[in-house]
Amino acid sequence: MNFSGLKVIVTGGAGFIGSNLVKRLILNGAAVSVVDNLWRGKIDNLKLKDGSYAIDLERDFYLVDLTDYSKCLEVLREADVVYHLADVVGGVQFAFEHETFIFRQNMLINSNTLSACLLNGIRNYIYVGTACSFPKHLQMNRGFNIVTEDQTYPAAPESSYGWSKLMGEYEAELAKSTEKINVGILRLHNVYGPGASFDAKTSQVIPSLIRKACLFPSEPFIVWGSGTQYRDFIYVDDVAEALLLIYEKGMNKGVIQIGSEIATTIKELAEMIIAISGKEIELKFDISKPEGDFGRISNCDRSRAILGWKPQVCLQEGLEKTYEWVAKRIKAH
């Protein structure tokens, strides 16, 4: 893939997925600017292995809250492509304790970003959605719930986060129908890897369990829910690859979901993390805590057929890399 000569803006580019994408784009020749309010993102996510930054922070980093429409119009201009990754997201407890806040923020962020792209004549818009947008009933059945892109309607996501991200997809499709902008949409399953937040309040399941294992026994290793719930985990490098490919092969071709197509229960996940830690940890569950949907697995026929994409990093390898990354940062503090 050759992005040489292209000017690319990445919203949420200092975040977990966004910063990985920024580095890949630059390696492929793009001139990249980042727009981020640093609510969850961190400037240090943009650091390269040698300690330098992937972008010129003074010239190419914009500290902007995308809920401010005037700021959107100001910074989202003169680009060939906008990758829109910015959103408000967190772990399952945060998601259900802040539903109104999450919905309003994401609706404003998505609508402002797309509107600014249209008004400023940006020709290519890539939106990143979530598997949380699938209807609740498809994810609550006992057994393996395999989902395809066309199963989002009639819409009935479990959370306001899922609703807000689905509406972002819908608005992007509306914009595409005007033929004023090319649109690519990826719907991601559970993304993990180095760079993911492992904060106790907002982290998702993999970084949360890794943090607990690293800190054990000073922090108890307790798994929320029964452990029988399962997810489709996909490594961040594989997601970044899909994001590059969608610009090359997937514009104006509808929603394409990205996942591993493998169901991993949270109990299995916890056991893998304990084994990687090398510690003697007794597995305990707290069924009073929320566990979210029972489970979902991606069907990635469209990503294979359209993008020629398939995951390269297995869960064991990805967990080992993520554990090493989290452990180093906990030790440093």
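Just above sits the structure.
A. Highlighting the overall build of the protein chain. The helix and strand tally for the protein chain stands at twelve helices and 15 strands. In terms of C-alpha radius of gyration, the protein chain reaches 19 Å, essentially the compact-globule figure of 20 Å for 333 residues. Projected onto the principal axes, the alpha-carbon positions of the protein chain cover approximately 55 × 50 × 40 Å. Counting only residues that meet the buried cut, the protein chain has 53% of its 333 residues in that class. Sequence separation of at least 24 residues holds for 81% of the intrachain contacts in the protein chain that already meet a minimum separation of 6. Just so you have it, the protein chain exposes about 14800 Å², and 53% of that area is on carbon and sulfur atoms. Across the protein chain, 36 positive and 40 negative side-chain charges occur, with their mean positions spaced 1 Å apart.

B. A look at the state of the cysteines. Summed over all chains, the structure comprises zero disulfides. Its sulfur unpaired, C214 is 19 Å from the next cysteine sulfur, which belongs to C314.

Reading guide: rules and limits
Residues numbered from 1 in each chain as written. Predicted model: local features only at pLDDT ≥ 70, side-chain atom pairs only at ≥ 80, totals over all residues. Heavy atoms only, no water. Helix = DSSP H or I, 4+ residues; strand = E, 2+ residues; numbered from the N terminus. Rg over C-alpha atoms; globule rule 2.2 N^0.38 Å. Buried < 20%, exposed > 50% of the residue type's maximum accessible area, 1.4 Å probe, protein only. Contact = heavy atoms within 4.5 Å. Areas by Shrake-Rupley, 256 points an atom, 1.4 Å probe, with all protein chains shown as cover. Lys, Arg positive; Asp, Glu negative; His and termini not counted. Charge placed at Lys NZ, Arg CZ, Asp CG, Glu CD. Disulfide = S-S within 2.5 Å.

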